[in-house]
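# Structure assessment
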Amino acid sequence: MNLQQLFTMQQELDDFIEQTQNIQQDVFQEKGLALMVELAELANETRCFKFWSTKGPSAREVILEEYVDSIHFILSLGLLKGYTSIEKWPVVEENRDLTAIFLETQSAILTFIQQPTKERYLAIWQCYGVLAYNLSFTFEDVVGAYIEKNQENYQRQRSGY
Ligand SMILES: O=c1ccn([C@H]2C[C@H](O)[C@@H](COP(=O)(O)OP(=O)(O)OP(=O)(O)O)O2)c(=O)[nH]1
């Protein structure tokens with residue numbers, strides 16, 4: 001499995017959702033906001049910024065599922081803009097403070113929504129590469145969880161979710 005295959009799976013899921021929900025309008029802004037929300041949900045599960053609490057992070061699989069919700073929307077945004085010629089998963093082996101990466105990623109997403117250039121799109125992937133490394137997720141982990149959630153998304157649509 002490579003990134004190109006993930007783009008293909010995402011295109012099929014997006015088409016299915018658009019047909020099921022009868023979507024006619026441009027949903028770029030909605031998907032952009034969805035990505036920002038998913039990023040916040042991911043940060044929330046890591047609890048990295050909760051200096052006021054001694055409770056630890058959620059289980060690894062919970063964090064991974066939140067992570068791949070973001071991956072769905074990143075792929076989807078790339079498909080909307082035609083930025084799909086990315087060959088390699090961004091392996092960024094940089095030890096960083098999670099809170100700092102989350103803030104940087106949030107800024108990268110917002111910057112892209114405001115002016116969706118390919119350079120800005122690639123900057124989001126870079127941020128998610130740094131996030132994956134610091135959350136100890138390999139590309140194989142991400143692909144496995146992506147496939148699982150992709151299938152669940154079909155189920156949810158079929159069950160009238
Ligand atoms: O055009 C779309 C719209 C949605 N999704 C996927 C991405 C993500 O995996 C899921 C939406 O996130 P989630 O499962 O958190 O949905 P929710 O409606 O926020 O769920 P909940 O009410 O359980 O929080 O749907 C797509 O792939 N393409």
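Residues numbered from 1 in each chain as written. Predicted model: local features only at pLDDT ≥ 70, side-chain atom pairs only at ≥ 80, totals over all residues. Heavy atoms only, no water.

## As for the packing of aromatic side chains
Note on aromatic pairs: each is described by the distance of the centres and the angle between the planes. Where we set the bar: The pairing test for Phe, Tyr and Trp rings, Trp by its six-membered ring, is centres within 6.5 Å, and the orientation test on the planes gives stacked under 30 degrees, edge-to-face over 60, and tilted for anything in between. In this text, helices come from DSSP runs of H or I with a minimum length of four residues, and strands from runs of E with a minimum of two, each type numbered from the N-terminal end. The rule is simple: take the accessible area with a 1.4 Å probe, protein chains only, and divide by the maximum for that residue type; under 20% is buried, over 50% is exposed, in between is partly exposed. Two conditions define a charge located above a ring, namely a distance within 6 Å from the ring centre to NZ of Lys or CZ of Arg, and an angle within 35 degrees of the ring normal.
Inspection of every chain in the model, using the stated rule, returns 11 aromatic pairs. Plain terms: the ring middles of phenylalanine 28 and phenylalanine 112 are 5.7 Å apart, the flat faces sit at 65° to each other, and that makes the pair edge-to-face. Linking phenylalanine 28 in helix α2 (residues 28-46) with phenylalanine 112 in helix α4 (residues 98-114), this pair joins segments that are 84 residues apart in sequence. Just as phenylalanine 28 is buried, phenylalanine 112 falls in that class too. Arranged with centres 6.4 Å apart and planes meeting at 90°, the rings of tyrosine 121 and tryptophan 125 form a pair that is edge-to-face. One end of the pair, tyrosine 121, and the other, tryptophan 125, are both in helix α5 (residues 118-134), 4 residues apart, so they sit about a helical turn from each other. Look at tyrosine 121 and you get buried, because its relative accessible area is 0%. Taken together, the aromatic side chains of Phe28, Tyr83, Trp89, Phe112, Tyr121, Trp125 and Phe139 make up a single cluster linked through ring pairs. Geometry around phenylalanine 28 places lysine 81 over its ring, the cationic atom sitting 4.4 Å from the centre.

## Points about the environment of serine 58
Keep this limit in mind: We call two residues in contact when some of their heavy atoms are within 4.5 Å. Pairs of N or O atoms are called polar contacts if they sit within 3.5 Å, as long as, within protein, a hydrogen donor faces a hydrogen acceptor (for residues adjacent in sequence, only side-chain-to-side-chain pairs).
Structurally, serine 58 can be placed in the loop between α2 and α3 (60-81). When the C-alpha positions of serine 58 and arginine 47 are compared, they lie 7.8 Å apart, and in sequence the two are 11 residues distant. Residues in contact with serine 58, not counting those within four places in the same chain, are Glu45 and Ile63. Reaching out from serine 58, the side chain makes a polar contact with the side chain of glutamate 45 at a distance of 2.4 Å.

## Here we look at α4
In plain terms, the rule: To estimate how far a helix should reach, multiply one less than its number of residues by 1.5 Å. Working definition: the arc comes from the directions between the helix axis and the C-beta atoms, pointing outward to the latter.
Taking 1.5 Å of rise per residue, 17 residues should cover 24 Å, and α4 covers 24 Å from first to last C-alpha, within 8% of that figure. If you check which residues of α4 are buried, you get Leu98, Ile101, Phe102, Thr105, Ala108, Ile109, Phe112 and Ile113. Angularly, the buried residues of α4 cover 130° about the axis, an arc narrow enough to put them on a single face. Residues Leu103 and Gln114 are exposed on α4 and point more than 90 degrees away from its buried face. Where α4 is buried, its residues touch α2, α3 and α5.

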